[in-house]
Amino acid sequence: MKKILTLLSTAIITLTLSSFTTKNGEPNKQIINTFKADFPSAEKVIWSIDQNVHVARFLNNDRTELAYYSFEGEYLGKMCRITLDQTPANVKTEILKGITSAQVKTINLFFPPEGYPKYVAITVVGNKKIIKQVDSY
């Protein structure tokens, strides 16, 4: 659970800020081969290292996605940005509790390797940035 929360935090930062790409951001062959098997239609792949995980930013069916791998090669999940209208009604209701849709800045859909997807909404209320995490279940 701690790994997923750390990964979600990393992903949110990566999606809301420009990610830091290093010259040594290219992962080893094992990770690249695993990535190619996991995402065979990926295009325009850019690798970076962010908070001790390898991050692949790529196009998959004309949609930007991020995939996360540990340095040991373990697949940690993928994330993509969606709109509020693309969320299920129960998730949308939970995200909008106490706020308006105008206060929702981004929504990211995270798919862990196992379990249910999670929706991560970044909202701004006044000067305060709030991160809401909602299970799809």
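Quick summary incoming for the structure in this document.

The rules behind each value
- Residues numbered from 1 in each chain as written.
- Predicted model: local features only at pLDDT ≥ 70, side-chain atom pairs only at ≥ 80, totals over all residues.
- Heavy atoms only, no water.
- Buried < 20%, exposed > 50% of the residue type's maximum accessible area, 1.4 Å probe, protein only.
- Helix = DSSP H or I, 4+ residues; strand = E, 2+ residues; numbered from the N terminus.
- Pairing = 2+ DSSP bridges.
- Phe/Tyr/Trp six-rings, centres within 6.5 Å; stacked < 30°, edge-to-face > 60°.
- Lys NZ or Arg CZ within 6 Å of the ring centre and 35° of its normal.
- Arc of directions from axis to C-beta.
- Contact = heavy atoms within 4.5 Å.
- Polar contact = N/O pair within 3.5 Å; in protein donor to acceptor, adjacent residues only side chain to side chain.

**Looking at the pairing of strand S2 (residues 53–60)**
- In terms of burial, S2 is a largely internal element, 6 of the 8 residues being buried.
- Note: strand S1 (residues 43–50) against S2, 6 bridges, orientation antiparallel. For Ile49, the partnering residue across the bridge sits in S2 and is His54.
- Connecting S1 to the next strand, S2, in antiparallel fashion are 2 residues, including Gln51 with a positive phi near 50°.
- Bridge analysis of S2 against strand S3 (residues 63–69) gives 7 bridges, and the strand direction is antiparallel. Residue pairing in the sheet places Phe58 in a bridge with Glu65 of S3.
- The hairpin formed by S2 and S3 contains 2 residues between the paired strands, and Asn61 there has a positive phi angle of roughly 55°.

**So, the packing of aromatic side chains**
- Applying the stated rule across the entire model yields 8 aromatic pairs.
- Ring centres of Phe35 and Trp47 lie 5.3 Å apart, and the angle between their planes is 75°; this geometry places the pair in the edge-to-face category. Here Phe35, found in helix H2 (residues 29–38), pairs with Trp47, found in strand S1; they are 12 residues apart in sequence, far enough to count as distant.
- Owing to a relative accessible area of 4%, Phe35 belongs among the buried residues under this scheme.
- Considering the side-chain rings of Phe35 and Phe58, the 5.0 Å spacing of their centres and the 80° angle between planes classify their relative orientation as edge-to-face. In this pair, Phe35 is assigned in helix H2 and Phe58 in strand S2, connecting sequence segments 23 residues apart.
- What links up through ring pairs into an aromatic cluster is the set Phe35, Phe39, Trp47, Phe58, Tyr69 and Tyr75.
- A cation over a ring is seen here: Lys78 above Phe111, with NZ or CZ 5.2 Å from the ring centre.

**So, H2**
- For H2, every residue scored as buried is listed here: Ile31, Ile32 and Phe35. The buried residues of H2 all sit within an arc of 100° when viewed along its axis, so they share a single face. For H2, the exposed residues lying more than 90 degrees away from the buried face are Lys29, Lys36 and Ala37.
- The secondary structure elements touched by the buried residues of H2 are S1, S2 and S3.
- The N-terminus of H2 is capped by Asn28, whose side-chain oxygen sits 3.1 Å from the backbone nitrogen of Gln30.

**Here's the deal with the environment of Lys129**
- Looking at where Lys129 falls in the secondary structure, it is placed in strand S7 (residues 128–135).
- Residue Lys129 is classed as exposed on the basis of its relative accessible area, which comes to 52%.
- Between the alpha carbons of Lys129 and Lys105 there is a distance of 9.5 Å; along the sequence they are 24 residues apart.

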